[in-house]
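This is what each chain is made of:
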Amino acid sequence: MQPRTPLVLCVLLSQVLLLTSAEDLDCTPGFQQKLFHINQPAEFIEDQSILNLTFSDCMGNDKLRYEVSSPYFKVNSDGSLVALRNITAVGRTLFVHARTPHAEDMAELVIVGGKDVQSSLQVVDSDRPERSKFRLTGKGVDQEPKGIFRINENTGSVSVTRTLDRELIAIYQLFVETTDANGKTLEGPVPLEVIVIDQNDNRPIFREGPYIGHVMEGSPTGTTVMRMTAFDADDPATDNALLRYNIRQQTPDKPSPNMFYIDPEKGDIVTVVSPALLDRETLENPKYELIIEAQDMAGLDVGLTGTATATIMIDDKNDHSPKFTKKEFQATVEEGAVGVIVNLTVEDKDDPTTGAWRAAYTIINGNPGQSFEIHTNPQTNEGMLSVVKPLDYEISAFHTLLIKVENEDPLVPDVSYGPSSTATVHITVLDVNEGPVFYPDPMMVTRQENISVGSVLLTVNATDPDSLQHQTIRYSVYKDPAGWLNINPINGTVDTTAVLDRESPFVHNSVYTALFLAIDSGNPPATGTGTLLITLEDVNDNAPFIYPTVAEVCDDAKNLSVVILGASDKDLHPNTDPFKFEIHKQTAPDKVWKISKINNTHALVSLLQNLNKANYNLPIMVTDSGKPPMTNITDLRVQVCSCRNSKVDCNTAGALHFSLPSLLLLSLFSLACL
């Protein structure tokens with residue numbers, strides 16, 4: 001039997017080692033039991049064990065420390081939970097936090113039948129006089145918020161009347177004094193500071209939303225996108241406000257369910273996938289939504305949580321060049337027409353809302369006359385090729401343009417524009433029947449007014465742009481406002497059919513305007529319009545006239561001036577002023593009138609003596625400076641009125657008085673009538 005002893009020992013030793021190894025493999029750091037339920041006793045007794053807690057960090061529990069959420073309890077080193085003094089009520093829940101350098105965990109103790117804490121403390125004064133009373137004052141007693149604390153005036157016991165909220169008021173400064181029966185202060189006041197111990201009754205909240213971050217596609221792994229921080233109203237010096245962050249959900253979950261990582265302590269969100277996976281053009285959706293959770297109690301299971309949504313946009317960079325959908329485009333346009341003739345289509349995989357997608361087109365060859373322009377359609381990104389200068393079929397029936405397309409934003413360094421970024425446009429010009437063209441246009445001639453009827457002014461010249469069609473041209477008058485002109489329909493000779501009058505209302509600034517048509521023999525015929533401007537030189541064919549033709553003067557006037565006359569002439573200088581003013585055929589007996597020149601266009605009519613009240617007709621002759629000059633005689637009617645007491649009476653001026661020459665003419669007219 002002796003030889004078998006080492007074998008038995010080896011077997012036992014191996015079983016011990018196996019059990020030890022199994023225990024090591026099965027060890028989970030933390031409390032073995034995390035939730036306890038006990039009934040509320042009549043009183044928790046000082047130093048009496050309430051229950052035993054078992055915690056292991058799987059590393060020997062070196063430097064193990066316990067913290068209890070209530071200051072009236074502690075956990076001994078053996079894991080027993082005891083009260084520090086006799087106490088009846090501690091609330092509904094206690095939390096025990098265990099921590100070592102290697103692990104930490106939280107256990108919860110639910111007190112069945114527990115009530116909210118009605119805290120109290122005892123003020124002791126062994127030397128106070130008999131029959132003296134305690135009095136409590138301060139904020140929370142007789143100052144707002146009033147009635148939170150009260151004191152037993154006999155025993156000095158201070159109690160709380162309602163639940164305290166540390167987040168509203170963390171410290172109360174009270175004062176205790178003793179008074180006699182009449183309320184006179186005997187001792188004090190002595191300060192009493194009440195500190196409200198924090199309970200974990202506030203969830204973390206995210207107050208700065210909405211949270212929107214941006215990251216450029218292809219960014220390196222570890223690129224910081226944004227930071228999210230939450231706020232916890234609990235005591236920042238305790239774990240009640242110690243927050244930890246994690247990502248609860250990512251939508252969408254492609255191409256990886258873990259596209260991002262959040263620093264649990266700082267709240268920084270960073271990328272964790274390779275740059276190749278962060279490709280906006282291959283993503284199902286360039287917008288990701290992350291449900292971010294903040295949990296207090298350093299992230300332990302018993303901690304309260306709050307969530308917020310982080311929206312992360314994968315921003316586009318110009319890593320795809322635009323490409324024409326085909327190498328060659330065709331277009332047709334009628335000669336003489338302008339406008340868009342073809343839309344060039346391109347493809348670009350970049351974000352349509354950015355300059356990495358928006359196209360910019362350039363004509364790089366085939367446009368020496370600048371007859372074409374190309375612009376980008378902002379909605380479709382197509383290139384709108386337009387004719388801006390009319391094309392001529394007779395000059396060139398075909399045009400070929402080379403066009404390139406680029407982005408508004410520059411390409412990233414490792415991408416370049418390739419052959420697909422250029423395209424050729426073949427344009428065919430269609431022949432149309434164009435109207436004849438007058439040359440020159442406008443046509444201008446200068447003639448004197450009053451030239452004889454039938455005078456030839458000019459021969460118009462119109463040519464047909466359709467030189468290959470060999471068409472004939474006929475002419476006609478289109479607009480001739482005064483009806484003065486005629487045109488030969490075959491050879492285009494223009495002559496007059498009436499006298500040209502520079503003073504006609506159809507003439508403006510001495511220029512008469514007429515329009516002519518040139519009509520070709522095409523089917524249908526085409527028409528061209530030409531303008532003729534006739535500058536009419538002035539001839540002295542208008543006599544001057546005077547103004548005014550009526551005047552008044554008092555029969556007893558001291559100032560014998562009658563009226564200032566002006567003269568005007570429709571002709572142009574030198575056929576107008578200076579004008580010559582005269583009294584026509586004034587005889588010696590009638591020499592009571594005088595006319596004096598004032599300037600080139602005005603003269604003064606005055607009396608040499610006062611006249612009786614009557615009406616007088618005075619013939620005024622005015623002559624212009626034309627060669628030969630033209631004269632006009634106009635009667636100036638002068639009323640000699642009675643002026644008495646600031647009243648002018650011209651109604652009874654009496655019989656009409658004529659100058660002697662006027663009377664002789666009137667007599668001769670009467671004899672002729674007999």
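Bear in mind that the values here come from a model prediction, so they are computed numbers and not experimental data.

Quick word on the overall build of the protein chain
Then, in step 1: Scanning the protein chain for helices and strands turns up 2 helices and 50 strands.
Then, in step 2: For the protein chain, whose C-alpha radius of gyration is 59 Å, the value lies well above the compact-globule estimate of 26 Å for 674 residues.
Then, in step 3: Structurally, the protein chain occupies a C-alpha span of about 190 × 95 × 35 Å along its principal axes.
Then, in step 4: Residue burial in the protein chain is summarised as follows: out of 674 residues, 39% are buried.
Then, in step 5: Of the accessible surface of the protein chain, which amounts to about 37,800 Å², a share of 53% is contributed by carbon and sulfur atoms.
Then, in step 6: The centroid of the 52 positive side-chain charges in the protein chain is displaced by 9 Å from the centroid of its 88 negative side-chain charges.

Description of the nonpolar core
Then, in step 1: If you look at the biggest cluster of nonpolar residues, it comprises 26 residues, and the most contacted ones within it are W593 and V605.
Then, in step 2: Elements with a minimum of two residues in this core: β42 (550-554), β43 (561-568), β44 (580-583), β45 (593-597), β46 (602-607), β47 (614-623) and β48 (631-644).
Then, in step 3: Aside from chain neighbours lying at most four places away, what touches V605 is S561, V562, V563, L565, W593, K594, I595, L618 and L636.
Then, in step 4: Formed by 24 residues, the second largest nonpolar core is a distinct cluster that contains V215, M259, L283 and L290.

Focus on the layout of surface pockets
Then, in step 1: Roughly 340 Å³ of internal volume is contained in the second largest pocket.
Then, in step 2: In terms of lining, the second largest pocket is formed by 19 residues, of which the most central are E67, V68, S69, T238 and N240.
Then, in step 3: If you list the elements that add at least two residues to the lining of the second largest pocket, you get β5 (65-68) and β8 (93-99).
Then, in step 4: Looking at which element gives the most residues to the lining of the second largest pocket, the answer is β8, with 3 residues.
Then, in step 5: Here the residues of the lining of the second largest pocket sort into 9 nonpolar, 7 polar and 3 charged.
Then, in step 6: Each of two domains, domain 1 (33-112) and domain 3 (205-315), supplies a minimum of three residues to the lining of the second largest pocket.

Looking at the sheet that holds strand β3 (residues 49-52)
Then, in step 1: Here we have 3 strands laid out as an open sheet, ordered β3-β7-β6, and antiparallel in their pairing. Each edge of the open sheet carries a strand with a single partner, namely β3 and β6 (73-75). Direction aside, neighbouring strands of the sheet carry axes that sit 20° apart on average.
Then, in step 2: Across 3 bridges, the pairing between β6 and strand β7 (residues 80-83) is antiparallel. Of the residues in β7, the one forming a bridge with V75 is L81.

A few points about the environment of I197
Then, in step 1: Tracing the chain through its elements places I197 in the loop between β15 (185-195) and β16 (211-216).
Then, in step 2: Owing to a relative accessible area of 43%, I197 belongs among the partly exposed residues under this scheme.
Then, in step 3: For the pair I197 and D165, spaced 32 residues apart in the sequence, the C-alpha separation amounts to 9.2 Å.
Then, in step 4: Those residues within four positions of I197 in sequence are excluded, and the remaining contacts are S69 and P71.

Describing the state of the cysteines
Then, in step 1: The final tally for this structure, using the stated rule, is 3 disulfides.
Then, in step 2: In this model, C554 is linked to C643 through a disulfide, with the two sulfur atoms separated by 1.9 Å. When the S-S torsion is -85°, as for the bridge of C554 with C643, the disulfide is left-handed. Within this pair, whereas C554 is found in strand β42, its partner C643 is found in strand β48, the two being separated by 89 residues in sequence.
Then, in step 3: For C643, a relative accessible area of 14% corresponds to the buried category.
Then, in step 4: Bonded cysteines in the protein chain are paired 1-2, 3-5, 4-6 when counted in the order they occur along the chain.

Observations regarding unusual backbone geometry
Then, in step 1: For the peptide bond that leads from E144 to P145, omega is -5°, which places it in the cis range.
Then, in step 2: Mapped onto the secondary structure, P145 falls in the loop between β11 (133-138) and β12 (149-151).
Then, in step 3: Between D577 and P578 the backbone carries a cis peptide bond, its omega angle lying at 5°.
Then, in step 4: Within the element layout of this structure, P578 appears in the loop between β43 and β44.
Then, in step 5: Of note, M297 is a non-glycine position whose phi angle comes to about 55°, a positive value.
Then, in step 6: Checked against the element boundaries, M297 lands in the loop between β21 (287-295) and β22 (305-315).
Then, in step 7: Judged by its relative accessible area of 8%, M297 is buried.
Then, in step 8: In this structure, S510 takes a positive phi of about 70° despite not being glycine.

So, the UniProt feature "domain: Cadherin" (unreviewed entry) in the protein chain
Then, in step 1: Mapped onto the present numbering, the UniProt feature "domain: Cadherin" (unreviewed entry) falls on residues 114-206, 207-324, 325-438, 439-546 and 545-663.
Then, in step 2: Structurally, residues 207-324 comprises 0% helix and 40% strand, and the distance from its first C-alpha atom to its last is 49 Å.
Then, in step 3: Helix makes up 0% of residues 439-546 and strand 45%, with an end-to-end C-alpha separation of 47 Å.

A look at the sheet that holds strand β33 (residues 443-448)
Then, in step 1: Read from one edge of the open sheet, 4 strands run β33-β40-β39-β36, paired in mixed fashion. Looking at which strands have only one partner, the edges of the open sheet turn out to be β33 and β36 (473-479). Each strand of the sheet is rotated relative to its neighbour by a mean of 30°, with strand direction disregarded.
Then, in step 2: Here β33 pairs with strand β40 (residues 527-537) via 6 bridges, running parallel. Bridging from a neighbouring strand, Q448 pairs with E537 of β40.

A short note on the pattern of salt bridges
Then, in step 1: In total, this model carries 22 salt bridges according to the counting rule given.
Then, in step 2: With its nearest N and O atoms 3.3 Å apart, the salt bridge here joins K34 to D105. Taken together, the residues span a long stretch of sequence, with K34 in the loop between β1 (30-31) and β2 (35-39) and D105 in strand β9 (residues 104-112) at a distance of 71 residues.
Then, in step 3: Judged by relative accessible area, K34 falls into the partly exposed class, the value being 37%.
Then, in step 4: As a salt-bridge pair, R244 and E265 come within 3.8 Å of each other at their nearest N and O atoms. Of this pair, R244 sits in strand β18 (residues 244-251) while E265 sits in the loop between β19 (260-262) and β20 (268-271), and the two are 21 residues apart along the sequence.
Then, in step 5: Residue classification places R244 among the partly exposed residues on the basis of a relative accessible area of 22%.
Then, in step 6: When its relative accessible area of 57% is taken as the criterion, E265 is described as exposed.
Then, in step 7: A single salt-bridge network, built from bridges that share partners, covers K34, D105 and D301.

Side note on the pairing of β20
Then, in step 1: Neither face of β20 is left uncovered, since the one carrying D268 and V270 and the one carrying I269 and T271 both have all their residues buried.
Then, in step 2: Sheet analysis places strand β17 (residues 224-227) next to β20, joined by 3 bridges and oriented antiparallel. Its bridge partner lying in β20, M226 is registered against I269.
Then, in step 3: Here β19 runs beside β20; their pairing, made up of 3 bridges, is antiparallel. Residue pairing in the sheet places Y261 in a bridge with V270 of β20.

What counts, and where the lines are drawn
- Residues numbered from 1 in each chain as written.
- Predicted model: local features only at pLDDT ≥ 70, side-chain atom pairs only at ≥ 80, totals over all residues.
- Heavy atoms only, no water.
- Helix = DSSP H or I, 4+ residues; strand = E, 2+ residues; numbered from the N terminus.
- Rg over C-alpha atoms; globule rule 2.2 N^0.38 Å.
- Buried < 20%, exposed > 50% of the residue type's maximum accessible area, 1.4 Å probe, protein only.
- Areas by Shrake-Rupley, 256 points an atom, 1.4 Å probe, with all protein chains shown as cover.
- Lys, Arg positive; Asp, Glu negative; His and termini not counted.
- Charge placed at Lys NZ, Arg CZ, Asp CG, Glu CD.
- Core = buried A, V, L, I, M, F, W, Y, C linked by side-chain atoms within 4.5 Å.
- Contact = heavy atoms within 4.5 Å.
- 1 Å grid on protein atoms, 1.4 Å probe; cavity = no way out; pocket = protein on both sides within 12 Å on 5 of 7 lines; lining within 4 Å.
- Points joined across faces, edges and corners; volume = space filled by probe spheres on them.
- Nonpolar A, V, L, I, M, F, W, Y, C, P; charged D, E, K, R; others polar.
- Domains from an automatic or database assignment.
- Pairing = 2+ DSSP bridges.
- Axes fitted to C-alpha atoms, helices over the stretch in contact; angles between N-to-C directions.
- Disulfide = S-S within 2.5 Å.
- UniProt positions renumbered as here; feature names shortened; annotations may be inferred.
- Salt bridge = Lys/Arg side-chain N within 4 Å of Asp/Glu carboxyl O.

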